[in-house]
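# Descriptive structure summary
What follows is the residue order along each chain.
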Amino acid sequence: MISPCIVGWGHTRFGKHTERSIPSLIEEAVTEALSRAALSPEDIDAIFLGHFNGGFVGQDFSAPLVGLAIPALRTTPACRLENACATGSAAIWAARDSVASGRVRRALVVGVEKMTERTSTEAGEILLRCSFTEEERSTPGGFAGIFARFAQAYFERYGDQSDALAHIAAKNHANGCSNPYAHFQKDLGLAFCKTASERNPYVAGPLKRSDCSPVTDGAAALVIANEARPSASVPAISWLSATQVNDSFPMSTRDLTQFGAARLAWQKGLRDARITLDDLSLVETHDCFTIAELMQYEAMGLCAAGEAARVACDGSTHKEGRLPVNPSGGLKSKGHPIGATGVSMHVMAAMQLSHMAGGMQVAKASRAAVFNMGGSGVANYLSVLQPL
């Protein structure tokens, strides 16, 4: 049986790239990925592009943009994947499946998004298309309002957890200072994140600006192959397991104090990998809002229901803690360009497992998990990774 592995990766800096086109972002990420894999464009058999768009840019048929960015790829089969905020992971899953089937030897995965050309109001309206619009389209505060509903439900059951959310925000911003690809590379400090102010106002419900990941532009790329590349400049990274679990779409049908499908994804992913949470060196998880990371601590089994605040505040998830979570700074600091996010998270994990993460490096990293979530906890992807 073919076991797909990551043999190269590339990443632009995330941020506001007003003067850059989508093809230019793709070109930078893909050129780096191919170089690290010691491959030429002609060695790629298929392209899988993760691009949400939803109206952020006018170009909706975007798979051919990879061939426009890299002319040598213009005749290579290409398709676009979209699955809300898990769009990048959807592209990775399609590429993995094509390699595992034997149909494709080497697949190129690209995730890209340009979001900052839209106003905050426009961006909020576009992102609400990732909700169940029949019931949730008019949610005040855009997608922050969607996750404010989770926060309010969780707070009602377990008490006000605002301090715990501030600890998560402060941790991830501190970690982002060591990430050269991060949108924000500034340590905001716990006091700032705890306090509502003119610079840190409430955005929706109990969520402040410091609880929300930024609207961002950027691209990331992976080369997934059917075998390791001896000539590559980076070690091959393999999957111990790859899991996807979906949940009911309408929020009205779910218990908003937990991410039920995320919990199932973690249980299945660890079981398939034949490991426990304690066997992981780090986790890159989907902190689109700080409440998401808080609730994911419980979903992954780091603590029991209602105890996530303790984990957030006692240092367990810091880079030197029991299980480092988001040593890259996460979406909160690194940024959340929708289509690129899942690919970026896998790049961050591959860097850690290759011991090439610089100031982000977790000591003796040997296994990593990536958890990428789409919509309001609806699409849930978990990768458990280790060096081949």
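Up top you'll find the structure we're talking about.
Every value quoted in this text rests on a predicted model; they were computed, and no experiment measured them.

Scoring rules and cut-offs
Residues numbered from 1 in each chain as written. Predicted model: local features only at pLDDT ≥ 70, side-chain atom pairs only at ≥ 80, totals over all residues. Heavy atoms only, no water. Helix = DSSP H or I, 4+ residues; strand = E, 2+ residues; numbered from the N terminus. Rg over C-alpha atoms; globule rule 2.2 N^0.38 Å. Buried < 20%, exposed > 50% of the residue type's maximum accessible area, 1.4 Å probe, protein only. Contact = heavy atoms within 4.5 Å. Areas by Shrake-Rupley, 256 points an atom, 1.4 Å probe, with all protein chains shown as cover. Lys, Arg positive; Asp, Glu negative; His and termini not counted. Charge placed at Lys NZ, Arg CZ, Asp CG, Glu CD. Pairing = 2+ DSSP bridges. Axes fitted to C-alpha atoms, helices over the stretch in contact; angles between N-to-C directions. Arc of directions from axis to C-beta. Core = buried A, V, L, I, M, F, W, Y, C linked by side-chain atoms within 4.5 Å. Polar contact = N/O pair within 3.5 Å; in protein donor to acceptor, adjacent residues only side chain to side chain. Phe/Tyr/Trp six-rings, centres within 6.5 Å; stacked < 30°, edge-to-face > 60°. Salt bridge = Lys/Arg side-chain N within 4 Å of Asp/Glu carboxyl O.

What follows covers the overall build of the chain. On a plain count of helices and strands, the chain comes out with 13 helices and 11 strands. The C-alpha radius of gyration of the chain comes to 19 Å, within 12% of the 21 Å expected for a compact globule of 388 residues. Projected onto the principal axes, the alpha-carbon positions of the chain cover approximately 55 × 45 × 40 Å. Taking all 388 residues of the chain together, 62% fall into the buried category. Partitioning the contacts of the chain with sequence separation of at least 6, the portion at a separation of at least 24 is 76%. Working note: accessible area of the chain is about 14100 Å², and carbon and sulfur atoms make up 49% of it. In the chain, the 35 positive side-chain charges and the 37 negative ones have mean positions that sit 3 Å from each other.

What follows covers the sheet that holds strand β8 (residues 237-246). Pairing is mixed in the open sheet, where 9 strands are placed in the order β3-β2-β4-β7-β1-β8-β11-β10-β9. Both outer strands of the open sheet, β3 (78-81) and β9 (282-285), are each paired with one neighbouring strand and no more. The average angle at which neighbouring strand axes cross in this sheet is 25°, direction not considered. Of the strand pairs in this sheet, strand β1 (residues 5-11) and β8 are connected by 2 bridges, and their pairing is antiparallel. Within β8, the residue paired with C5 across the bridge is S238. Along the sheet, helix α10 (residues 290-300) makes contact with β9 and β10 (368-374), crossing β9 at roughly 130°.

Buried within helix α4 (residues 120-127) we find A123, G124, I126 and L127. For α4, the angular spread of buried residues about the axis comes to 165°, placing them on one side. Those residues of α4 hidden inside the fold are in contact with α6 (142-158) and α13 (338-353).

By size, the foremost hydrophobic cluster in this structure holds 100 residues, and its most contacted members are F147, W266, L280, I291 and Y297. Among the elements that take part in this core, α6 stands out by supplying 10 residues, more than any other. With residues up to four places along the chain from it excluded, the contact list for W266 reads L277, L280, V283, A299, M300, A369, F371 and L382. Counting 28 residues, the second-largest nonpolar core is a separate cluster that includes V30, V66, A69 and L73.

All right, on to the side chain of S383 then. Note on placement: S383 falls in strand β11 (residues 379-387). Side chain to side chain, S383 and H346 meet in a polar contact 2.8 Å long. Setting aside anything within four residues of it in sequence, one finds S383 in contact with W93, W239, S241, H346, A368, A369 and V370.

This next bit is on the packing of aromatic side chains. Taken as a whole and assessed by the stated rule, the structure comprises 8 aromatic pairs. Ring centres of F147 and F150 lie 5.3 Å apart, and the angle between their planes is 40°; this geometry places the pair in the tilted category. Residue F147 and its partner F150 are both found in helix α6; the two are separated by 3 residues, about one turn of the helix. The exposure classification of F147 matches that of F150, with both residues buried. Of the aromatic side chains, those joined through ring pairs into one cluster are F143, F147, F150, F259 and F289.

With respect to the helices and strands, the residue A123 is situated in helix α4. Exposure remark for A123: the relative accessible area of 2% places this residue in the buried category. Taking the C-alpha atoms as reference points, A123 and F56, separated by 67 residues in sequence, lie 7.3 Å from one another. When near neighbours in sequence (up to four residues on either side) are disregarded, A123 contacts F56, R118 and V215.

Attention now goes to the environment of R118. Mapped onto the elements, R118 comes out in the loop between β4 (106-113) and α4. A relative accessible area of 32% means that R118 is categorised as partly exposed. Distance from R118 to D45, taken between C-alpha atoms, is 35 Å for residues 73 residues apart in sequence. At 3.3 Å, the side chain of R118 forms a polar contact with the backbone oxygen of F56.

In this section: the pattern of salt bridges. Once the charged atoms of two side chains with opposite charge are near each other, the side chains can pair. Tallying each qualifying case throughout the model produces 12 salt bridges. Residue E307 is joined to R310 by a salt bridge in which the shortest nitrogen-to-oxygen separation is 3.2 Å. Taking relative accessible area as the criterion, E307 reaches 35% and is therefore assigned partly exposed. R310 gets classed as partly exposed once you look at its relative accessible area, which sits at 43%. Three or more residues joined by partner-sharing salt bridges are found here, namely E307, R310 and D314.

On to the pairing of β8. Relative to β11, β8 is paired through 9 bridges, and the arrangement is antiparallel. Note on β11: the bridge partner recorded for Q244 is Y381.

Most peptide bonds are trans, and most residues other than glycine sit at a negative phi. Phi at A38 is positive, roughly 55°, even though this residue is not glycine. Its place among the elements puts A38 in the loop between α1 (22-37) and β2 (46-50). Backbone geometry at N326 places phi at a positive 60°, although glycine is not the residue there. When you line up the elements, N326 lands in the loop between α11 (308-313) and α12 (330-334).

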